Amino acid sequence: MAWVFLIIFAGKFVINDTLLNYGLDEDVFGSLWILKWPLIGNILGGLIALVLGPFQFWEGFRNRYIKAHRYMGMVYITGILIGTISSINLALTTAIDVHWTLTLALIGLAVAWISTTGMAFRFILLRRIQLHKEWMVRSYVVTFAFVLFRWLNESPYFVETASFIERGSTLIWISWVVPLFITEIILQWNKK
């Protein structure tokens, strides 16, 4: 049931809040037109990971189509690699113009994103399936941070209480650190 909620929640984000709605138009990008490729890379990399994640966790699909699972896993990793490189580029250009704390928060998220995914990849190469699964869960939690951040940032409570400069960095940290902490407790609690 939790997966259904996450898919619907992420689906709303994909439908309402991504470039798929806007197209590649200089008028839409405005001052960000100069950074359109890192922006597109970040969004598309995140979307690829966001969309492929549920299929990677779906046990019936994974067991029945192991080759597709492996191929989709490589596409997932590629999406995160593109998204990470693009997000660091954006953090060091656009975010720094807003505030250095936003840059730090975005780079922290990018490092967590590529690190959790890299650990999942490392453990599958070592044939440590259980550790691979655990790191994939962590990777997807960090992937989902973009959706959670967008939702928190548009929440009337936060919009009314602080400007973006005041709330942006904090919400980025909250959107991945808190869910990852809760995930870690659950993963460790369920170990024998």
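This text goes with the structure placed above it.
We now turn to the structure provided with this report. A quick note: this is a predicted structure, and the numbers were derived from the prediction, not measured.

Conventions we followed
Residue numbers here run from 1 along each chain, matching the order of that chain's written sequence. Only residues with pLDDT of at least 70 get local features here, since the model is predicted, and only at 80 or more are side-chain atom pairs given and counted; chain-wide, interface and lining totals rely on the full set of residues. Processing note: side-chain calculations cover all non-hydrogen atoms of the structure and skip hydrogens and water entirely. Helix and strand assignments come from DSSP, with helices taken as H or I runs of at least 4 residues and strands as E runs of at least 2, each series counted from the N terminus. Categorising residues by exposure relies on relative accessible area from a 1.4 Å probe, with only protein chains included: less than 20% of the type maximum marks a residue as buried, more than 50% marks it as exposed, and the intermediate range marks it as partly exposed. In a helix, the anticipated span is given by 1.5 Å times the number of residues less one. Throughout, a residue-residue contact means that at least one pair of heavy atoms, one from each residue, lies within 4.5 Å. We define a polar contact as two N or O atoms separated by no more than 3.5 Å, with the added condition that, inside protein, one atom must be a possible hydrogen donor and the other a possible acceptor, whereas residues neighbouring each other in sequence contribute only through side-chain atom pairs. Classification of ring pairs uses Phe, Tyr and Trp, with its six-membered ring standing for Trp, and accepts pairs whose centres are within 6.5 Å; under 30 degrees between planes counts as stacked, over 60 as edge-to-face, and the remaining range as tilted. In these notes, a set of buried Ala, Val, Leu, Ile, Met, Phe, Trp, Tyr and Cys residues joined through side-chain atoms within 4.5 Å is what counts as a nonpolar core. The salt bridge definition used is simple: a Lys or Arg side-chain nitrogen within 4 Å of an Asp or Glu carboxyl oxygen.

Considering the arrangement of structural elements, one finds Val178 in helix α10 (residues 164-189). Overall, the relative accessible area of 42% leaves Val178 in the partly exposed class. Counting along the chain gives 33 residues from Val178 to Ala145, while the straight-line C-alpha distance between them is 9.8 Å.

It is worth spelling out the environment of Leu152 at this point. Mapping Leu152 onto the fold places it in helix α8 (residues 145-154). Residue Leu152 is classed as buried on the basis of its relative accessible area of 11%. For the pair Leu152 and Leu171, spaced 19 residues apart in the sequence, the C-alpha separation amounts to 6.9 Å.

In this section: helix α6 (residues 100-125). Helix length check: α6 (26 residues) gives 37 Å between terminal C-alpha atoms against 38 Å at 1.5 Å per residue, within 8%. Restricting attention to buried positions, one finds in α6 the residues Leu102, Thr103, Ala105, Gly108, Leu109, Ala110, Ala112, Trp113, Thr116, Thr117, Ala120 and Phe123. The inward-facing, buried residues of α6 contact α3 (36-57), α5 (66-98), α7 (129-143), α8 and α10. Remark: Arg127 follows α6 within two positions and exhibits a positive phi of approximately 60°.

Moving on: the side chain of Ser86. Within the secondary structure, Ser86 is located in helix α5. At a separation of 2.9 Å, a polar atom in the side chain of Ser86 contacts the main-chain carbonyl oxygen of Ile82. Setting aside its immediate chain neighbours within four residues, Ser86 contacts Pro38, Gly41 and Asn42.

Evaluated as defined, the whole model comprises six aromatic pairs. When the ring of Tyr157 is compared with that of Phe158, the centres are 5.1 Å apart and the planes differ by 75°; the resulting orientation is edge-to-face. Taking the relative accessible area as the measure of exposure, Tyr157 reaches 55% and is therefore exposed. Seen from their ring centres, Trp173 and Trp176 are 5.8 Å apart, and the 35° between their planes marks the pair as tilted. With Trp173 and Trp176 both in helix α10, this residue pair falls three residues apart, about one helical turn. Judged by relative accessible area, Trp176 falls into the buried class, the value being 11%. Feature note: the residues Trp58, Phe61 and Tyr65 constitute an aromatic cluster, connected by ring pairs.

Turning to the nonpolar core, a few remarks are in order. Counting residues in each nonpolar core, the largest one holds 28 residues, and the members touching the most others are Tyr76, Leu109, Tyr140, Val142, Ile172 and Trp176. Breaking this core down by element, the ones donating at least two residues are α3, α5, α6, α7, α8 and α10. Ranked by the residues each element gives to this core, the list is headed by α6, at six residues.

Along the polypeptide, Arg138 turns up in helix α7. Residue contacts for Arg138: discarding those within four places in its chain leaves Thr116, Leu180, Glu184, Leu187 and Gln188.

Below, the discussion takes up the pattern of salt bridges. Scanning all chains against the criterion turns up three salt bridges. For Glu154, the salt bridge identified is with Arg150, shortest N-O distance 3.0 Å. Note that Glu154 and Arg150 are positioned in helix α8 at a spacing of four residues, about one turn of the helix. We classify Glu154 as partly exposed; its relative accessible area is 41%. Judged by its relative accessible area of 31%, Arg150 is partly exposed.

By themselves, these observations are geometric and do not establish any function.
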